[in-house]
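This is what each chain is made of:
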Amino acid sequence: IAQFEALAPTVLLAPSETPFQEVLYQFAELVGKTDQAKELETEFTATAARLQAELGDKLTNTTVSLVEFWDGEISTPPNKQSLGIAVPGLGMLRTEFEQDVDDCISISAEQLGDNAADIMILIAIPESQSGAEDTAFADFMDVPVVKATAVAKADQIFAVHPRRIYGTSWAQASRAMEAFAEI
């Protein structure tokens, strides 16, 4: 911190330890844009309400599991950053196991069956895949234990690119809700 303070005024924030909304307002306050942050929050709330109205009871009657897959590893993402408000903002119900996840947790393919949901959303990280084409979804679906899950047998596993859902802004949280609503 001392090195940075020698260059310019320095502020230390802890975005992974602070509720998402607070972090966004901390950023806004630092740059003198709290009014704009309030407008963006209002837009987010309006987007959430519109999407909830469009989807109706599909959200309240459907459990969703979010998983990441790269380099053969399966994990469940934390309820932080854009996911921390996009998921509840949209009214999505993550599985009981995932509701309290506050850090990325590696899980085995066998644990997917214990984390049963009506829909699984695979967050594929193509940058970590080899070759010119993103094969994460196909690779994930080729895992024998994944194929054996009820959600795979019901053809209810969908992929979404991380750029559509991850980030630290009201706009990115809105884009995440839009991506989930498409599914």
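Starting afresh in each chain, residues are numbered from 1 along the sequence in its written order. Given that this is a predicted model, residues contribute local features only at a pLDDT of at least 70 and side-chain atom pairs are listed and counted only at 80 or more, while totals for whole chains, interfaces and linings are drawn from all residues. Only heavy atoms go into the side-chain values, all of them from the structure, while hydrogens and water stay out.

Student: I'm lost on a nonpolar patch on the surface in this one. Help?
Tutor: A surface patch of nonpolar side chains, about 360 Å² in accessible area, is lined by V11, F27, L30 and V31. A run of H or I in DSSP becomes a helix once it reaches four residues, and a run of E becomes a strand once it reaches two; helices and strands are each numbered from the N terminus. Within the secondary structure layout, L30 lies in helix α2 (residues 20-30). Exposure above 30% relative accessible area and no salt bridge define the residues that can form patches, which grow by joining like charges within 9 Å and nonpolar side chains of Val, Leu, Ile, Met, Phe, Trp and Tyr within 5 Å. Note that accessible areas follow from Shrake-Rupley with a 1.4 Å probe, and for residues the cover is restricted to the protein chains shown. What makes a salt bridge here is a side-chain nitrogen of Lys or Arg within 4 Å of a carboxyl oxygen of Asp or Glu, nothing more.

Student: What is the right way to read the nonpolar core from this model?
Tutor: Proteins that are soluble and globular tend to have nonpolar side chains buried together. For our purposes a nonpolar core is just a set of buried Ala, Val, Leu, Ile, Met, Phe, Trp, Tyr and Cys residues, chained together by side-chain atoms within 4.5 Å. Accessibility here uses a 1.4 Å probe with only protein chains present; expressed as a share of the type maximum, an area under 20% marks a residue as buried, one over 50% as exposed, and anything in between as partly exposed. Residues L66, L90, M92, I121, I165, M177 and F180 are the most contacted members of the largest nonpolar core, which totals 27 residues. Sorting the residues of this core by element identifies α2, α3 (34-55), β1 (63-70), α4 (81-90), β5 (119-124) and α10 (170-182) as the ones contributing at least two each. Per-element tally for this core: the top contributor is α10, with seven residues. Of all hydrophobic cores here, the second largest spans 16 residues; its members include V67, L112, M120 and A124.

Student: What's the story with the pattern of salt bridges in this structure? I'm lost.
Tutor: Side chains that differ in sign of charge can pair as their charged atoms come close. Taken as a whole and judged by the stated rule, the model has four salt bridges. Ionic pairing is found between R50 and E178, a salt bridge with its closest N-O pair at 2.5 Å. With R50 in helix α3 and E178 in helix α10, the pair connects residues that are 128 residues apart, well separated along the chain. R50 gets classed as partly exposed once you look at its relative accessible area, which sits at 37%. Of the charged contacts, one joins R94 and E98 as a salt bridge, the two residues approaching to 2.8 Å between their closest N and O atoms. We classify R94 as buried; its relative accessible area is 3%. The network of salt bridges with shared partners includes R50, E54 and E178.

Student: Which parts of the structure should I look at to understand α3?
Tutor: The periodicity of an α-helix, 3.6 residues per turn, causes residues three or four positions apart to be oriented the same way. Its 22 residues place the ends of α3 31 Å apart at the C-alpha level, agreeing with the 32 Å of an ideal helix rising 1.5 Å per residue. For α3, the complete set of buried residues consists of A37, F44, T47, A48, L51 and L55. Viewed along the axis of α3, the buried residues span an arc of 100°, placing them on a single side of the element. Those residues of α3 that are exposed and aimed more than 90 degrees away from the buried face are D35, E39, T42 and A53. Any two residues having at least one pair of non-hydrogen atoms within 4.5 Å are treated as being in contact. In this structure, the buried residues of α3 make contact with α2, α4 and α10. Two residues or fewer after α3 comes G56, characterised by a positive phi angle close to 55°. Helix span, as expected, comes to 1.5 Å for every residue beyond the first. Note that the arc is computed from the directions linking the helix axis to the C-beta atoms.

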